[in-house]
Amino acid sequence: MRKKRLIRTIIIVAFCAIVFSVIVMIWMKKDAEEYKKWQAQYRGTWVSPDGQYRMTVQRVTSAHIIFSVTNKNNLSLNYASATAVGDGEYSFSYKLQRGMDGGVTAGFGNTGKGVIRLKEKSLSLDVPKLEKFEEGLQFRGALKKESEMPDIKKKELQALMGKDRPQEKKAEKTFYVAEAQEGKVERVHINWDAASDRKGYEEYEMSGINPICMVSDLQAQFGDPAAEEELSENRYKRVYRKDGYQYEFITDGYGLVTEGDCQYEKPKRGRRDGDFIREGSTVLRYLGDYEKSRTVTLPQGTKKIASGAFTVTPDTVQQKYVKSLKLSIPSGIEIERNAFENCSSMQITLEEGWTSVPEEAFAHMVGAGGLRGKAGWVKVNLPRSLRRLEAKAFETNWFEGGEAYTEEDTMGGVLEIGVQPVTVLLNEELEYIGDNALYGICNTMLPKKVKYIGANFTLLPSVAFWTASDVKVKKPDGFYSWEYCYNIALPEQLEYVSEKGFYFWTPEFSMRAIDGNFTVLQIPENAKNVPCLSNISVIQYSVNEKNNKYSSKDGWLFSRDGKKLYRTTCEIDFSKKQKGREVTFKKISKRTYKTYVRIKEGIEEIASQAFACAINRSADILDVQYITPNSLKCIDRGALFENRSYFDTWDDSVTSVKIAGEVPQFTGDISPDSAYKRKVYVKKQYREKFIKELFEEQQLSDKQKNQIKKCIIGY
């Protein structure tokens, strides 16, 4: 009997305990929901009574408040975290920093401390005044709620894995997507901190993690990290593995997640080899980080680097934290086109044994409009064994899509070599530089053994180069300004330079004619083509006596037999008639003349850009007209309607051409980029024939033809 009573008692007690537990759980759940609602009421925008302080509360938990605050001077502490220190009381620390321009910025640190207090339907902020930071965040008082925090529909990036790459433009800008062979997504990466206020990024999350998540959220979602690494400024990188994916998250000093990355733990194509994905002997992609200065070594047995292997986008790395990677590439490794397109900061060394850099192998390492002022973002060292740079080998268009050089890139209006984001250190033994091989890069040397220079080679010589090559040339009569005259000696072995081969920039001395600086260009024995240096005022061409193609008379450039005119110069001496031409003047005012330059008889051909020379503003010249000889048989269309030179936009002088004899034969083409402003005078009876033959086999629109017709005047 006792046994039955005991069993009955135990059952009743257990039942009561269960009922009590259920009641407690229901009560706790209801309490938690009410507490959650209580916390949620503080999400939103809060303002001070005078409207000069604004605080945005993104998230409230029992442990943290995630918030941003802006003062009356628009100084903002964005996405900070305050830690609970008592009932409804949260404390945070921050740093104020004054920049070179005197401006103050706020971020994680220990310069000052503040307190946020949650009260019944109200919120207060207490930030003490800091010495030396009068414009800081100091504030003490209550804030009034202005608006609720809007609910943002989240977009899950991890869900893109294995699917077709999205086509939305916004997606391209906001997160990085790497493609597999069939165009399927194999990696997603987002930098939530790419914008200081994270605007445009808060709608994206990765496996439930978003920009208002913290380390505790990572722990709850993924468990313990597989790896953890401390970065700069109390930031951490943590690696997690779950359900066949590998995740990497970076948290800032406040413990907030700022960057996320998701990859397949086992790639769909190829296999992992350290920080690389490789397929056989081909490196498909580098997937390591850029947060520390480190040397990256290609996997053993690598024979090829695939296109896009080192490609990242600006959102993949945070520029304020990124460090430069060092990579040495042994000879014999094949590099596909654009293998380093939009790469991160790198120092690349081609080891001895390399003889040629293939076409576009290192093209577009910095994209259009990117990284202005980031000195040496990418540096490439070439070995002594290297002889050839093929077309577009290092082409970059970083300066396109806007002004090439901003005020930040210059000092006193003078171009500085230090602002170049891409630097290629050439060697003296280099023999061949293909078209656009170094487009967009200011080079500091002209290889002594170079034989061929293709289009768009820009030289930014050192000050010592110009000082040492200063030459004495008598100032022509009529020039009021005469500062410097430089001697540019082309390399002795140079044979060919593209028509668009050379551009010169001089950081210390300008060579523009309008500044009174001039150049004597020395042409070596083997030269077979000399370009038109549109941004240099060549006052004299000096040709080696052994050169079989060119000759120079009174500074102008002719063929060896003197029958073809290649280049005129900016020098028009008022004191005498030159041997290569006859100059007469008609005075219009005290310092301005109508100037007629009659090219001597015997010239049978005139080359393209023969008249593309800059006229010196300081000379007594207003209008220059070149008069062709009766002996002229052939003229290049480019001599009449060439691309407007750099100086045409700086100079008020007008250049025209007068055809003295009958209609000559035409060679070359009219560039569609021409400004069609140069006047061409022909005898009235030949005008129609001149126009007809000028247009033969030319790809011009009717509008362009009409513009040209207006430039051709009968006399």
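Just above sits the structure.
Just so it is clear, the structure is predicted and the values come from calculations on it, not from any experiment. (Residues numbered from 1 in each chain as written. Predicted model: local features only at pLDDT ≥ 70, side-chain atom pairs only at ≥ 80, totals over all residues. Heavy atoms only, no water.)

(A) Expanded view of the pattern of salt bridges. The tally for this structure, following the rule as stated, stands at 26 salt bridges. Lys 237 serves as the salt-bridge partner of Glu 229, at 3.6 Å between the closest nitrogen and oxygen. Here Glu 390 and Arg 388 are joined by a salt bridge, their closest N and O atoms 2.8 Å apart. Taken together, the salt bridges that share partners define one network made up of Glu 89, Arg 117, Asp 126 and Arg 140. (Salt bridge = Lys/Arg side-chain N within 4 Å of Asp/Glu carboxyl O.)

(B) How the structure looks around the environment of Arg 337. Mapped onto the elements of the fold, Arg 337 is located in the loop between strand 23 (334-335) and strand 24 (346-350). Considering only alpha carbons, one finds Arg 337 and Lys 392, 55 residues apart in sequence, at a separation of 9.7 Å. Discounting chain neighbours no more than four positions away, the residues touching Arg 337 are Ser 307, Glu 359 and Glu 360. Looking at Arg 337, its side chain comes within polar contact range of the side chain of Glu 360, at 3.1 Å. (Helix = DSSP H or I, 4+ residues; strand = E, 2+ residues; numbered from the N terminus. Contact = heavy atoms within 4.5 Å. Polar contact = N/O pair within 3.5 Å; in protein donor to acceptor, adjacent residues only side chain to side chain.)

(C) Representation of the packing of aromatic side chains within the structure. Scanning the entire structure with this criterion turns up 25 aromatic pairs. Ring geometry for Tyr 452 against Tyr 496: centres 4.9 Å apart, planes inclined by 15°, an arrangement best described as stacked. Of this pair, Tyr 452 sits in strand 33 (residues 452-453) while Tyr 496 sits in strand 36 (residues 496-497), and the two are 44 residues apart along the sequence. Owing to a relative accessible area of 31%, Tyr 496 belongs among the partly exposed residues under this scheme. Within the aromatic cluster, the residues linked to one another by ring pairs are Phe 222, Tyr 240, Tyr 245, Tyr 247, Phe 249 and Tyr 264. Over the aromatic face of Tyr 432 sits the side chain of Arg 388, whose NZ or CZ is 3.8 Å from the ring centroid. The aromatic ring of Tyr 715 is capped on one face by Lys 658, whose charged end is 4.6 Å from the ring centroid. (Phe/Tyr/Trp six-rings, centres within 6.5 Å; stacked < 30°, edge-to-face > 60°. Buried < 20%, exposed > 50% of the residue type's maximum accessible area, 1.4 Å probe, protein only. Lys NZ or Arg CZ within 6 Å of the ring centre and 35° of its normal.)

(D) Broad picture of the pairing of strand 22 (residues 325-329). With burial as the criterion, only one face of strand 22 is covered, namely that bearing Leu 325, Leu 327 and Ile 329; the residues Lys 326 and Ser 328 on the opposite face remain uncovered. Pairing analysis gives 3 bridges linking strand 20 (residues 294-296) to strand 22, with the strands arranged parallel. Across the sheet, Val 296 pairs through a bridge with Leu 327, a residue of strand 22. Pairing analysis gives 5 bridges linking strand 22 to strand 24, with the strands arranged parallel. Note that in strand 24 the partner of Ile 329 across the bridge is Leu 350. (Pairing = 2+ DSSP bridges.)

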